[in-house]
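# Fold and geometry: a report
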Amino acid sequence: MATDTHPTATVVDLAIEGMTCASCANRIERKLNKLDGVTATVNFATEKAHVTAPADTDVAVLVDTVEQAGYAAHLPAPPGGDAEAEPAGRTHEPADALRRRLAISAALTVPVIAMAMIPALQFDYWQWLSLTLASPVVVWGALPFHRAAWTNLRHGTATMDTLVSIGVLAAFGWSVYALFWGTAGVTGMTHPFTLTIERMDGTANIYLEAAAGVTTFILAGRYFEAKSKRRAGAALRALLELGAKDATVLRDGIETLVPIAELAVGDEFVVRPGEKIATDGVVVSGQSAVDASMLTGEAVPVEVRAGDPVAGATVNAGGRIVVRATRIGADTQLSQMSRLVEDAQAGKAKAQRLADRISGVFVPIVIAIAVGSLGFWLGSGQPASMALTAAVSVLIIACPCALGLATPTALLVGTGRGAQLGILIKGPEALEHTRTVDTVVLDKTGTVTTGVMTLQAVHAAGSEDADEVLAVAAALEAASEHPIARAVVRAAPGPLAAVDDFVAVPGLGVRGRVEGRAVTVGRPDLLDAAAMRLPDDLRAAFDEAEHRGQTPIAVGWDRAARGVLVVSDEVKPASRDAIARLRGLGLRPVMLTGDNERAARFVAAQVGVDEVIAGVLPAQKVAAVRRLQAEGAAVAMVGDGVNDAAALAAADLGIAMGTGTDAAIEASDLTLVSGDLSTVVDAIRLSRRTLSTIRTNLFWAFAYNVAALPLAAAGLLNPMLAGAAMALSSVFVVGNSLRLRSFRPQKGY
């Protein structure tokens, strides 16, 4: 997949084959970054290279560079594309091959280990049976390690596979020497299983159990890593598979079933109850409830009717609707979500960059330590077998596979789980910023409030009937497209009366005839001009609404003021609880809005925000964010409109509501598919938990290697146990990351 980011650069994602550890990824990354104008990030867990290169760069050059490093590369299949577009064996075959190799190696290794560990099983010539069983494991079972080590050698480099191959061959080679040229092959030879340093005749001991055991344990680790990484990426694959495969298109009034690839912008298609909506669009006719839980995480279906937007992959849970396609293919909300998740998983946190640099120099250092251990113990008069044990253990225990998996697997699972909950994390930098953020700046309209004007109250004069006042006003306002008019019409009960002689007076209101009555709706000045002065009770209601920051409109007919309607932007039901929960995370909420001070203060009081910055223009929103930063605050900005985009980009952490504009979403670090403010809390909680998991993984990966290397060099670790421990450390890191799949949104405060 390649997309232009600006006229002088292009972004290319390459699928990489043949990587076996973090050192492989680091090596490919260095090779690509040596190309002029190229910046590359190679992710071991996702097996992808994310490359930014000059626009005229030939992808073949990038592929050739990867191949020169000893690996294979190709463009991945497009999102949602046919699995056959991927080269054969990219997903299932390696795991199947690993499983077969592991099963056969394990079956041959178990008796070898049993005979070596249990003296009672050491019958005459048991050592020769061990050689017979261990040889296929060392030669064929460990073949992937040997092959990778040979490739690395030809390119003058070394990776974790080099360590494994050298260690296994050293243990096997010593055993063969001891059997054929030493005393280990004599009839009735026995030796106990021990972990201690002892003086012994080196040619009387064999390490076939170490050679076979290390191979099997590391194969097991690789197999479980492969399975775990696949599970970790399951959320993204499930996301890509959500879309419909076919659409029932209306052409010349005839319903035709076509593949989704043939759908074009402007096509009208039918969606029946229970069917998925094929692509993003607008409802043309019909009324239904749409289940958008797979995109937003919200379980309650959303009512839609003509004119309402709908997203592809959501499910029609009610009646038959006809939808006009507005976005298709890569432009749909589902594809954008998938792309955001993939981009996030391609990134690297600061800690991971450090881990990669360490992995890049770790292998030669470990080989030096192994050679030094061998020389030291031989020079100090210890038996060759003991010296070899120490050297082989160093080689095996040092493999920092866990180090390479620490960040990518946590990022895979965390971003995948976020996608399931409608939380899109754009990259590891966003995770790191959530840890430092202490102030949350909230846009008012569309974020804290619905962004839609809603009728809040009807005040009727004297003996007037409130329902009649509303019905008459709604009948007149039905001819207007003003947001206030639409709010009144939506609240009106029953069918509306016909209107004659409709006139709109800009800035003041509307006039017309409703069922023979001359009706005026709007500002009091407009009613005054028609000799309909507001009585004291209506004037008090009007002033009170204005004082609260709401929008009152007066209604009158037949030379008398009949009532006052109060309209305002309604606060979202979850906003107050969400802001209380933000405080619970130690965050200071601040409301930032272009609305007037009174309206802002009224809304702020409803949701529990004490600090309000009102009456600001878009450019002033940026200035307000920077002013808070200058005061020492680490600012998260939450917004949804075009006017919020600059402030979102200026903030330390930008959080866009997915119900908002594309500009806001593009400028943000986190995108929330739903418009529910409480999702902000869950997004920050998930981000912090993912970051915490990454740090835990890195700590244990580092601690494991730091603690184990001296033990191995001292000869206190059997190579077989070293291999088992190394494999288990990788499984621990992946398993710890998979715990993120259990993350649940917080309910209530």
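Just so it is clear, the model here is predicted, and its values are computed rather than measured.

### So, the overall build of the protein chain
Within the protein chain, the secondary structure is distributed over 26 helices and 27 strands. In the protein chain, which comprises 749 residues, the share counted as buried stands at 51%. Within the protein chain, contacts between residues separated by at least 24 positions form 69% of all contacts whose residues are at least 6 apart in sequence. If you sum the accessible surface of the protein chain, you get close to 31,200 Å²; carbon and sulfur atoms cover 58% of it.

### Quick word on the packing of helix H16 (residues 466–477) against helix H17 (residues 483–491)
Running from amino to carboxyl end, H16 crosses H17 at an angle of 130°, the nearest separation of the two axes being 8 Å. Looking at the two axes, H16 sits oblique to H17. Note that H16 runs across H17; the crossing there is left-handed. For the pair H16 and H17, contact is made by Leu 470, Ala 473, Ala 474 and Glu 477 and by Ala 485, Val 488, Val 489 and Ala 491, respectively. Class assignment of the residues belonging to the contact of H16 with H17 gives a composition of seven nonpolar, no polar and one charged.

### Considerations on the side chain of Asp 13
Structurally, Asp 13 can be placed in strand S2 (residues 9–17). Although Asp 13 is buried, it makes no salt bridge; Lys 48 carries the closest opposite charge, 5.9 Å away. A distance of 2.5 Å separates polar atoms of two side chains, one belonging to Asp 13 and the other to His 50.

### What about the environment of Ala 134?
Within the secondary structure, Ala 134 is located in helix H4 (residues 126–141). Ala 134 gets classed as buried once you look at its relative accessible area, which sits at 0%. The sequence separation of Ala 134 and Val 110 amounts to 24 residues, and the corresponding C-alpha distance is 9.8 Å. When sequence neighbours within four positions are dropped, the list of residues in contact with Ala 134 reads Val 112, Leu 208 and Ala 212.

### Comments concerning unusual backbone geometry
Positive phi outside glycine occurs at Ala 313, with the angle close to 80°. Within the element layout of this structure, Ala 313 appears in the loop between strand S12 (309–310) and strand S13 (315–316). In this structure, Asp 558 takes a positive phi of about 50° despite not being glycine. Of note, Asp 558 is situated in the loop between strand S21 (551–557) and strand S22 (560–571).

### Observations concerning the sheet that holds strand S25 (residues 635–639)
The sheet built from seven strands is open, its strands ordered S15-S27-S26-S25-S16-S23-S24 with mixed pairing. Each of the sheet's edge strands pairs with one partner strand only, and the pair in question is strand S15 (423–425) and strand S24 (611–613). Between one strand axis and the next, the sheet turns through 20° on average, direction left out of account. Relative to strand S27 (residues 670–672), strand S26 (residues 653–657) runs parallel, the two sharing three bridges.

### Quick look at the sheet that holds strand S7 (residues 254–259)
An order of S7-S6-S8-S14-S9-S12 is seen for the six strands of this open sheet, with the pairing classed as antiparallel. Across the chains shown, the open sheet's two edge strands, defined by having one partner strand only, are S7 and S12. Where strand S6 (residues 246–251) lies against S7, six bridges are found, and the strand directions are antiparallel. Counterpart to Arg 251 in the pairing with S7 is Ile 254.

### Looking at helix H20 (residues 575–584)
When H20 is considered as a whole, its buried residues turn out to be Ser 575, Ala 578, Ile 579, Arg 581 and Leu 582. All buried residues of H20 lie within an arc of 160° about the axis, which places them on one face of the element. Gly 586, located one to two residues past H20, shows a positive phi value of around 85°.

### Concerning the nonpolar core
Met 591, Val 638, Ile 655, Leu 677 and Val 680 are the most contacted members of the largest nonpolar core, which totals 46 residues. With eight residues, helix H25 (residues 678–713) is the single largest residue contributor to this core. No fewer than three residues from each of domain 2 (95–233 + 347–410 + 693–740) and domain 4 (428–448 + 572–668) sit in this core. Of all hydrophobic cores here, the second largest spans 34 residues; its members include Val 112, Phe 172, Ile 206 and Ala 211.

### Quick word on the UniProt feature "transmembrane region" (unreviewed entry) in the protein chain
The feature "transmembrane region" (unreviewed entry), as annotated in UniProt, sits at residues 102–119, 125–143, 163–184, 204–224, 358–378, 390–413, 697–714 and 720–738 in this numbering. Within the segment residues 102–119, helix and strand shares are 89% and 0% respectively, and the terminal C-alpha atoms sit 26 Å apart. The span residues 163–184 is 86% helical and 0% strand by assignment, and the distance between its end C-alpha atoms comes to 26 Å.

### Quick notes on the packing of H4 against helix H5 (residues 143–154)
At a minimum axis distance of 5 Å, the contact between H4 and H5 shows a crossing angle of 40°. It follows that H4 is oblique to H5 by the angle criterion. The segment H4 lies against H5, with Val 138, Val 139, Trp 140 and Gly 141 engaging Leu 143, Pro 144 and His 146. The residue makeup of the contact of H4 with H5, split by class, is five nonpolar, two polar and no charged.

### Details of the packing of aromatic side chains
Counting across every chain of the model gives six aromatic pairs. Between Tyr 177 and Trp 181, the ring centres sit 6.1 Å apart and the planes meet at 25°, which makes this aromatic pair stacked. Here Trp 181 and Tyr 177 lie together in helix H6 (residues 160–181), a separation of four residues that amounts to about one turn. When the centroid spacing of 5.1 Å and the interplanar angle of 75° are considered together, the rings of Phe 376 and Trp 377 count as edge-to-face. Taking relative accessible area as the criterion, Phe 376 reaches 53% and is therefore assigned exposed. Judged by relative accessible area, Trp 377 falls into the buried class, the value being 14%.

### Description of the pairing of strand S4 (residues 48–54)
Relative to S4, S2 runs antiparallel, the two sharing seven bridges. Counterpart to Asp 13 in the pairing with S4 is His 50. Sheet analysis places strand S3 (residues 39–43) next to S4, joined by five bridges and oriented antiparallel. Each residue of the ladder has a partner; that of Ala 40, found in S4, is Val 51.

Scoring rules and cut-offs
Residues numbered from 1 in each chain as written. Predicted model: local features only at pLDDT ≥ 70, side-chain atom pairs only at ≥ 80, totals over all residues. Heavy atoms only, no water. Helix = DSSP H or I, 4+ residues; strand = E, 2+ residues; numbered from the N terminus. Buried < 20%, exposed > 50% of the residue type's maximum accessible area, 1.4 Å probe, protein only. Contact = heavy atoms within 4.5 Å. Areas by Shrake-Rupley, 256 points an atom, 1.4 Å probe, with all protein chains shown as cover. Axes fitted to C-alpha atoms, helices over the stretch in contact; angles between N-to-C directions. Parallel < 35°, antiparallel > 145°, perpendicular 65-115°, else oblique. Left-handed = near helix turned anticlockwise from the far one by under 90°. Nonpolar A, V, L, I, M, F, W, Y, C, P; charged D, E, K, R; others polar. Lys, Arg positive; Asp, Glu negative; His and termini not counted. Salt bridge = Lys/Arg side-chain N within 4 Å of Asp/Glu carboxyl O. Polar contact = N/O pair within 3.5 Å; in protein donor to acceptor, adjacent residues only side chain to side chain. Pairing = 2+ DSSP bridges. Arc of directions from axis to C-beta. Core = buried A, V, L, I, M, F, W, Y, C linked by side-chain atoms within 4.5 Å. Domains from an automatic or database assignment. UniProt positions renumbered as here; feature names shortened; annotations may be inferred. Phe/Tyr/Trp six-rings, centres within 6.5 Å; stacked < 30°, edge-to-face > 60°.

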